[in-house]
Amino acid sequence: MRPLRRRRQVGLRWRISIAFIAGALVLSALVAGSTYLLAYRYLLNQRVDDSTRQAISNVRFAVSYLSRAEGEVSLAELGRFLETRGAFETLVIEDGRAGRFFSSSLSISDRSVPRELEAAVGQGSVGYAFRPGESRQLVFGSPVPGHGVRAFFFYPLSDLDQTLAVLRRVLIGVALGAVALAAAVGARASRRLVGPVRRASEAARRVADGLLETRLTVEGGDELAALARSFNEMAAALEERIARERRFVGDVSHELRTPLTTLRASTDYLLQGERNLPPSLRRALELLSADVEYLRHLVDDLLEISRVEAGRVQMSWERLNLADLAREVAARRRRAGGDNIAVVVESEHETLSTMADKQRIERVVANLVDNAVIHGEGRDVTVRVGAGDGHLLLSVEDQGPGIPAGVGPRIFERFFKADPARHRGDGRGAGLGLAIARENAHLHGGEIAVQSAPGRGARFTLRLPRRDEDASAEHAAKGAVS
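Here we summarise the structure given alongside this text. (Residues numbered from 1 in each chain as written. Predicted model: local features only at pLDDT ≥ 70, side-chain atom pairs only at ≥ 80, totals over all residues. Heavy atoms only, no water.)

1. So, the overall build of the chain
For the chain, the count of helices and strands is nine helices and twelve strands. In the chain, buried positions account for 34% of the 482 residues. Excluding contacts between residues fewer than 6 apart, the proportion of contacts in the chain whose partners are at least 24 apart in sequence is 64%. (Helix = DSSP H or I, 4+ residues; strand = E, 2+ residues; numbered from the N terminus. Buried < 20%, exposed > 50% of the residue type's maximum accessible area, 1.4 Å probe, protein only. Contact = heavy atoms within 4.5 Å.)

Below, the structure is given as structure tokens:
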């Protein structure tokens, strides 16, 4: 059974334009069709009435002419006489004698009369019928009373057909013009309606990305302007609330630094004389020292995040070589010791340099390496540095079990831990390292992507734009959406 294909959604602007065009098309078709039908019936009925009156007058004249004539009158003489009375062709047939007729045109014979009309006239009736063909004709037939003759008059309808053809072209042109006008009006109306909605959508997306100062331009006093004002009020309230929360986190973190510094100094002092302490007290002191160190790192991370979110980050731009920086991070880890995990740096031969804040990029690389070491299950970590498409690329690969299914989209969330059962005593931190790394990458206009497969480890790739001169963080460019 084949999976159902997802239908491509048509945008609101297209739907509005299509609705205008469809409405105009239906309305113009109805108006043009009804106009043409009424004009066709009117002109045809008028032509039939005029032709009928003239044909009856011709028959009366033929009766009068034959009655006044002395001696026998030939069919040719009667036909030529009737032909002079108007713009029509004449066919005169003598009753009871097959093949005995007169025609004023070589294209008309006794077989040119429609059968129904010929039969009706043969029975003494008067009527008319249409003769089809390239040039339609209206055929009027009537017996000539008292003289054994049937007269048929062929009135051309070519002028009427030409008039109707011109009318058709005019109506089609008017209908197409109406559709084109409706399309233009629909496009303008949809642009005026969808434009503010699209700008509101883009503004909402920017607010969701963290640009809380985004505002919409308020124009006019209609419902769309009310929507823009409501959005701006909501964004302002949200910005103020988040700013208060950020200030609270920053203030709390800042206030905690002093007592934590005191606690660390006190625990370091006590640990200097740990040989004189009982084992139970020594163990408690070691746990206290580890927790104080954990809280110190947590407070530093919270202060860092609060500064970035508050836009109070000062960037120190300088030229750095990304490969050399990766080697420095790896060498610093080797000097620190503590495990037997090797960090191998592989780089291309070309110059891999850019303008960046060295301290922040160094922290990004260190956080990615630490994350790979923690989750690599004791196996070596590989750092690859290269370039491509105008960017510098630094990937950190581990050989661990990989990221669990469904965890990838949340891996950069703050305080997120793939294994909720782990605790801070295992050396894995509070779950802020990747979040801080990504924020620092964004400050440089870069990004961090992750790839993982179960049982094959994970790869985190830092993508930085190459710069030849000092630049501010691209993501800090802000302004109203208009």
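Past the structure itself, the notes keep going.
2. Re the pairing of strand β5 (residues 149-156)
With respect to burial, β5 is a largely interior element, seven of its eight residues being buried. Two elements, strand β1 (residues 89-94) and β5, share six bridges in a ladder whose sense is antiparallel. Looking across to β5, one finds that Val 92 is bridged to Ala 151. Of the strand pairs in this sheet, strand β4 (residues 137-144) and β5 are connected by eight bridges, and their pairing is antiparallel. Residue pairing for β5: Phe 140 is matched across the bridge by Phe 153. (Pairing = 2+ DSSP bridges.)

3. Notes on the packing of aromatic side chains
Within the structure shown, the criterion is met by four aromatic pairs. Ring centres 6.3 Å apart and planes at 20° place the aromatic pair Tyr 36 and Tyr 40 in the stacked group. Residue Tyr 36 and its partner Tyr 40 are located together in helix α1 (residues 12-68), separated by four residues, close to a single helical turn. Tyr 36 sits in the partly exposed class, given a relative accessible area of 21%. Since its relative accessible area comes to 25%, Tyr 40 is described here as partly exposed. Look at Tyr 128 and Phe 130: their rings are 6.2 Å apart centre to centre, the planes differ by 90°, and that puts the pair in the edge-to-face class. In this structure Tyr 128 comes out as partly exposed when scored by relative accessible area, which is 44%. Pairwise contacts between aromatic rings join Phe 88, Phe 153 and Tyr 155 into one cluster. (Phe/Tyr/Trp six-rings, centres within 6.5 Å; stacked < 30°, edge-to-face > 60°.)

4. Remarks on the pattern of salt bridges
Enumeration over the complete set of coordinates arrives at twelve salt bridges. Arg 384 is paired through a salt bridge with Glu 346; the nearest N and O atoms lie 3.2 Å apart. Within this pair, whereas Arg 384 is found in strand β9 (residues 381-388), its partner Glu 346 is found in strand β7 (residues 343-347), the two being separated by 38 residues in sequence. Residue Arg 384 is classed as partly exposed on the basis of its relative accessible area of 34%. The class of Glu 346 is partly exposed, set by a relative accessible area of 37%. Two residues, Arg 438 and Glu 447, come together in a salt bridge whose shortest N-O distance is 2.9 Å. Classification of Glu 447 as partly exposed rests on a relative accessible area of 31%. (Salt bridge = Lys/Arg side-chain N within 4 Å of Asp/Glu carboxyl O.)

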